[in-house]
Amino acid sequence: MKAIIFDKDGTLMAFDPFWAAVAEAALTDLSCRLGVRPFLEELKRSVGLRGKTTEKNSIIQKGTYKQAADAINAVLKETGSPARVSGQEIEKIFLESTDHGEICPACDGLPQRMKKLRDRGIMLFLVTTDIPAITYQCLDGLGITSFFQEVITDNVAFPAKPDPSAIHYLREKYRLEPEDICMVGDTETDMLFAKNGGIMGILVGGEPLKNSDVIRIPDVSYLDTVIE
């Protein structure tokens, strides 16, 4: 193995300690700004937030800021509020709320494990649908930013996963054959991304995917057992 592409949320960073807290703060702030504080719970449920946890496959876990705005606008319409929000506004208020989130590694000794992979000569990449500011805030908080050869975030350069354009770009730029590189992620989207790009997928945690031959590991600390 010459290269590994990582997902961020749920793979390298524990999801709920950060995103549930950020979403709670952002939606509370938003409900106050829009004058719909009594409907805060409805706003939270619309994007998949339940208390201090996020619902599996919810907008918070897998969606975009535009999808979050659409869900929130549907609630606003039902309540009779004339207010509406855009995806850009939701992105901005989430970015303003990131200090409420706790950045926790998804496994013990994450920086040491990433260093070990890099010291073996394996190139490490990150492909995420998150925006650059939050991505680097999280990577810095985890202490692993310096280990990545390249970080690809949500921007106009590539379509989002599972479109394989980012895989094709990395393979061409770094002269990698399909067997040289794998994708490590925690969602079906990540595994479909790998499949579409013609590379091996390694699923972190979660339930086994139906009709899939991807390798499954409990967390990234087990990577050594499958990439020898």
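Residues numbered from 1 in each chain as written. Predicted model: local features only at pLDDT ≥ 70, side-chain atom pairs only at ≥ 80, totals over all residues. Heavy atoms only, no water.

Undergrad: Help me out: how do you make sense of the packing of aromatic side chains in this one?
TA: Centre-to-centre distance and the angle between the planes together describe a pair of aromatic rings. Scanning the model with the defined rule gives six aromatic pairs in all. Between Tyr-65 and Phe-94, the aromatic rings sit 5.7 Å apart at their centres with planes inclined by 70°, giving edge-to-face as the arrangement. Taken together, the residues Tyr-65 in helix α4 (residues 65-79) and Phe-94 in helix α5 (residues 87-96) connect sequence positions 29 residues apart. Here Tyr-65 and Phe-94 have matching classes, each one buried. Ring centres 4.9 Å apart and planes at 45° place the aromatic pair Phe-125 and Tyr-174 in the tilted group. Residue Phe-125 is found in strand β4 (residues 123-127), and its partner Tyr-174 is found in helix α8 (residues 165-174); the two are separated by 49 residues along the sequence. For Phe-125, a relative accessible area of 0% gives the class buried. (Phe/Tyr/Trp six-rings, centres within 6.5 Å; stacked < 30°, edge-to-face > 60°. Helix = DSSP H or I, 4+ residues; strand = E, 2+ residues; numbered from the N terminus. Buried < 20%, exposed > 50% of the residue type's maximum accessible area, 1.4 Å probe, protein only.)

Undergrad: Please clarify how the environment of Lys-115 should be interpreted in this entry.
TA: By the element assignment, Lys-115 lies in helix α6 (residues 110-119). Sequence spacing of Lys-115 and Phe-148 is 33 residues, and the spatial spacing of their C-alpha atoms is 9.8 Å.

Undergrad: What's the story with the packing of helix α1 (residues 15-34) against helix α2 (residues 40-47) in this structure? I'm lost.
TA: When two helices pack together, their arrangement is captured by the angle between the axes and the distance separating the axes. Where α1 meets α2, the axes come as close as 10 Å, and the angle between the chain directions of the two elements is 135°. With respect to α2, the axis of α1 lies oblique. Every pair of crossing elements has a handedness; the one defined by α1 and α2 is right-handed. Between α1, through Glu-24, Leu-27, Thr-28 and Ser-31, and α2, the contact on the second element is made entirely by Leu-40, Leu-43, Lys-44 and Val-47. (Axes fitted to C-alpha atoms, helices over the stretch in contact; angles between N-to-C directions. Parallel < 35°, antiparallel > 145°, perpendicular 65-115°, else oblique. Left-handed = near helix turned anticlockwise from the far one by under 90°. Contact = heavy atoms within 4.5 Å.)

Undergrad: Honestly, α2 in this entry has me stumped. Any pointers?
TA: Among all positions in α2, only Leu-40, Leu-43, Lys-44 and Val-47 are buried. Viewed end-on, α2 has its buried residues packed into an arc of 95°, placing them on one side of the element. Packing partners of the buried residues in α2 comprise α1, β2 (49-50), α3 (59-62) and α4. Gly-48 occupies a position one or two residues after α2 and carries a positive phi of about 100°. (Arc of directions from axis to C-beta.)

Undergrad: Mind showing me how you'd approach unusual backbone geometry here?
TA: As a rule of thumb, non-glycine residues mostly have phi less than zero, and peptide bonds are mostly trans rather than cis. In this structure, Pro-162 follows Lys-161 across a cis peptide bond, with omega equal to 15°. In this fold, Pro-162 is placed in the loop between β5 (150-152) and α8. Residues other than glycine seldom take positive phi values, yet Asn-57 does so here, at roughly 65°. If you trace the backbone, Asn-57 turns up in the loop between β3 (53-54) and α3. A positive phi angle is found at Arg-175, which is not glycine, with a value near 55°. Secondary-structure assignment places Arg-175 in the loop between α8 and β6 (181-185).

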